[in-house]
Amino acid sequence: MSGSEKKLVDANLSVGFVAKRSGVKVSTLHFYETKGLIRSWRNNGNQRRYKPDVLRRIAVIKAAQAMGITLEDIKHTLSTLPQQRTPTKQDWAELSKRWQTQLDEKIHYMQRLRDRVNGCIGCGCLSMAKCPIYNKEDHLGEEHSGAVLLERD
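If you're wondering where the values come from, they're calculated on a predicted model, not measured in any experiment.

What counts, and at which threshold
- Residues numbered from 1 in each chain as written.
- Predicted model: local features only at pLDDT ≥ 70, side-chain atom pairs only at ≥ 80, totals over all residues.
- Heavy atoms only, no water.
- Helix = DSSP H or I, 4+ residues; strand = E, 2+ residues; numbered from the N terminus.
- Expected span 1.5 Å × (residues − 1).
- Buried < 20%, exposed > 50% of the residue type's maximum accessible area, 1.4 Å probe, protein only.
- Pairing = 2+ DSSP bridges.
- Axes fitted to C-alpha atoms, helices over the stretch in contact; angles between N-to-C directions.
- Parallel < 35°, antiparallel > 145°, perpendicular 65-115°, else oblique.
- Contact = heavy atoms within 4.5 Å.
- Nonpolar A, V, L, I, M, F, W, Y, C, P; charged D, E, K, R; others polar.

A separate point is helix H4 (residues 54–66). Taking 1.5 Å of rise per residue, the 13 residues of H4 would be expected to cover 18 Å, and the 18 Å separating its terminal C-alpha atoms lies within 8% of that figure. When we look at burial in H4, the residues that qualify are Val54, Leu55, Arg57, Ile58, Val60, Ile61 and Ala64. With its phi angle positive at about 90 degrees, Gly68 sits one or two positions after the end of H4.

See the structure below:
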């Protein structure tokens, strides 16, 4: 292990260092902490400090967010790890499987939207007299609110 690697392993990282190294704002770190996604401790000077493994945890959070996974889902999934530990490579393989179904559903939804957006977004509106699926007398409102037709397969 090189000198710089050893320093990082033994380090109690400052909030500024973690923010810079992970590419997120200090306020984001505080937000993640209030949501229970990461944790810190206070040194004798009452300054927030992080263990180096927080960098991997933040990377997992950012990757999941980029996939469109909600913070609540991320928190729930991370909470399945023993003792709230940081995910290993094997853990990531398992965690990501949980999100694949959600991603597949989102992809399918976006494909339906793409295919229907040309003529109609499936809103069930009453205002488009030339709409091919004109919602006469708002019969779709009895089924559901919003983009009723888009939700159908």
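There is more to say, and it comes next.
This part takes up the sheet that holds strand E2 (residues 41–42). In spatial order, the strands read E1-E3-E2; together these three strands make up an open sheet with antiparallel pairing. The outermost strands of the open sheet, each flanked by one partner alone, are strand E1 (13–14) and E2. Bridge count between E2 and strand E3 (residues 48–50): two bridges; the pairing is antiparallel. Residue pairing for E3: Trp41 is matched across the bridge by Arg49.

Packing of helix H2 (residues 15–22) against helix H3 (residues 26–34) leaves a shortest axis separation of 9 Å and a crossing angle of 100 degrees. Viewed along their axes, H2 and H3 adopt a mutual orientation that is roughly perpendicular. The residues of H3 that touch H2, namely those facing Val15, Gly16, Val18 and Ala19, are Val26, Leu29 and His30. Per-class residue counts for the contact of H2 with H3 are five nonpolar, two polar and no charged.

Everything listed here is a matter of coordinates, which is why it stays silent on function.
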